[in-house]
Structures are given as C-alpha cells and as structure tokens.
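For reference, the chains in residue letters:
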Amino acid sequence: MRIYQEKDYNAMSRRAAAVIAAQVVSKPDCVLGLATGSSPVGTYKQLIQWHEQGDLSFAEVCSVNLDEYYGLAPDHDQSYRYFMQTNLFDHVDIVPENTNVPSGLAKDPAEECARYEQVVRELGYADLQLLGMGRNGHIGFNEPCDCFPLATHLVDLTESTIEANARFFASANDVPRQALTMGIGTIMKARKILVVVSGEDKAEAVWKAFRGPIVPEVPASILQLHPDVTLVGDVSALSRLTEDHE
Ligand code: GLP
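Description of the structure in this document. (Residues numbered from 1 in each chain as written. Predicted model: local features only at pLDDT ≥ 70, side-chain atom pairs only at ≥ 80, totals over all residues. Heavy atoms only, no water.)

### Focus on the overall build of the protein chain
Quick note on the threshold: Helix numbering and strand numbering both begin at the N terminus, where a helix is a DSSP run of H or I of at least 4 residues and a strand a DSSP run of E of at least 2. Burial classification: accessible surface area is computed with a 1.4 Å probe over protein chains only, and a residue below 20% of its type maximum counts as buried, one above 50% as exposed, and the rest as partly exposed. Should any heavy atoms of two residues lie within 4.5 Å, those residues are considered in contact.
When helices and strands are counted, the protein chain shows eight helices and ten strands. With the C-alpha coordinates of the protein chain rotated into their principal frame, the extents come out at 50 × 45 × 35 Å. Considering the protein chain as a whole, with its 246 residues, one finds that 55% of them fall into the buried category. Sequence-distant contacts in the protein chain: of pairs separated by 6 or more residues, those separated by 24 or more amount to 79%.

### Looking at the packing of aromatic side chains
Definition in use: Classification of ring pairs rests on two measures: the distance between centres of Phe, Tyr or Trp rings, Trp counted by its six-membered ring, which must be within 6.5 Å, and the angle between planes, read as stacked under 30 degrees, edge-to-face over 60 and tilted in between. Distance and angle both matter: a charge sits over a ring if NZ of Lys or CZ of Arg is within 6 Å of the ring centre and within 35 degrees of the ring normal.
For the structure on display, the rule yields five aromatic pairs. Between Tyr80 and Phe141, the ring centres sit 5.8 Å apart and the planes meet at 10 degrees, which makes this aromatic pair stacked. Remark: Phe141 occurs in the loop between strand 6 (128–131) and strand 7 (153–156) and Tyr80 occurs in helix 3 (residues 80–87); sequence separation between them is 61 residues. Taking the relative accessible area as the measure of exposure, Phe141 reaches 1% and is therefore buried. In this arrangement the basic side chain of Arg240 is found over the ring face of Trp207, its NZ or CZ atom lying 4.4 Å from the centre.

### Overview of the sheet that holds strand 8 (residues 178–181)
Pairing between the strands of a sheet comes from backbone hydrogen bonds, and it takes one of two forms, parallel or antiparallel. As a reminder of what qualifies: The pairing criterion for strands is at least two bridges between them, as found by DSSP. Lines fitted to the C-alpha atoms define the axes, with helices restricted to the stretch that makes contact. Angles between their N-to-C directions range from 0 to 180 degrees.
On the basis of which strands lie adjacent, the open sheet formed by three strands has the order 4-8-7 and antiparallel pairing. The open sheet terminates on both sides in strands that have one partner only, identified here as strand 4 (67–69) and strand 7. Each strand axis lies, on average, 25 degrees off the axis of its neighbour in the sheet, ignoring direction. Here strand 4 pairs with strand 8 via three bridges, running antiparallel. In the strand pairing of strand 8, Tyr69 is matched with Ala179.

See below:
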C-alpha cells in the first residue's frame, strides 16, 4: 500500500487529483469509480481546474459511482447524482451518457441493484476506484455488519451514518434511511483503489481499517487484501497510522 500523508485538506486533494489525472492520462478511456461526501470535493475541484487549463480531458472516460440514497430523485440537492453533477460532471467534458449512478427512484430496488451491477460488470469494473471512508469504517454505503456483501445491494443506514450525514439535510429526520450501494465485491474488483481521508474524526477508522483485523464490522479493512491501494490523507486523519512507526 502506498501512503501519502499531506499537510492539510488542500494538499490531500491535490495529491488525490494527481493520482486520478495519472490514470486518465495513461488510459484516456478508463473507467473511474467515483465517490461522494466532503472528502473528495477538493479533489474534484482540482481536476476541474486542470481540465479548464486544458491539461486534462474526460471525453473518453466512463464513470461508475459507488452509491445513491434510496428515495431521492436525481435533481434532489442531496442526491448523489446531483452531487456529482454540481461537483464534477457539469464542469468537465465527460459525456453525460457515460456517467453512471444507481437510481434512487427505482420502484424495485433489487432489480435496480442487479441492473447497476451488470452495468459495472459490462464496463469491466473500475480501473481506479476513489473511496472516502465513514467514521464507522464504511465504504460506499457498506455499513459494518456480519458479512462482506458482494454485489450492489440495498442497505439500511446505521444511526451513526444518518447522524454524520444529517449536516447536509434540514434535520436528521430528512436523511433517507436506505441506500443502494456497490458491494464490497464490486469495489474490490477495481484494479486500483484510492482512499481519501481527512480530519481527526477519521483517525480511528483509518487505523482500524489498515492496522486492525480484516472483519466485516470494519468494512474498509477488506482493503488490506487489495493489491493496489493508495491512501491519501491529511496529518490528522493519518496520525494514528504514523504513530505506529515512531
Ligand atoms: C457517505 C458516503 C461515503 C463517504 C462517507 C464519508 O456515507 N456514502 O461514500 O465516504 O459518507 O463522507 P465524508 O467524506 O463527508 O466524511
């Protein structure tokens, strides 16, 4: 595993964007697995800047997002489709038809999960999957549980995730209780994984994920088994990992 400890959020974002840009430059028609949340916002800003400078094109890229809230329309301002449009897609030259996010409005979520899994499979899975991490060690919306779910599925969000994400909604009551998410198996099939983490409140989850036992109670711990992981974090998020080496 490659670890980049950067001084702050901006430096973390530039480093993560460089890893993504390297992927796009070396394989312009790559499949990018994308993530939402506050962690990758700065990364997307940097990618947009390089695109505007004429240094980076997404014209041949296909994207697959990790997850979507179940019940939110694509134009709901807290849906992950809306997040992707406003934080990246609307500002770069990616072809709209080449962007994929699970549908939060599907009548039959099981059918939508199967359809989405097939879309990702037919694209050959992600060349590079970007991941944030929940404070409870979740990736995508794979919450701590007693097994590692393989394929895209519907999940019940945990109270801690609802609480953590309530800051984006008018109140915790407005946070959807369920989500559609790629499974751990879908994520692990990506050729490369890039994890971005910032802030003190992630330090314990990062330590458990990369130094603790590989257990489904810490979904991100499965990444220890992936052959190509790059972890980019700021000093506070990586503080416990680096203490190990002192
Ligand atoms: C949500 C997303 C995850 C994300 C996590 C952390 O639950 N489903 O993909 O990694 O939040 O978010 P943040 O980066 O805002 O801490």
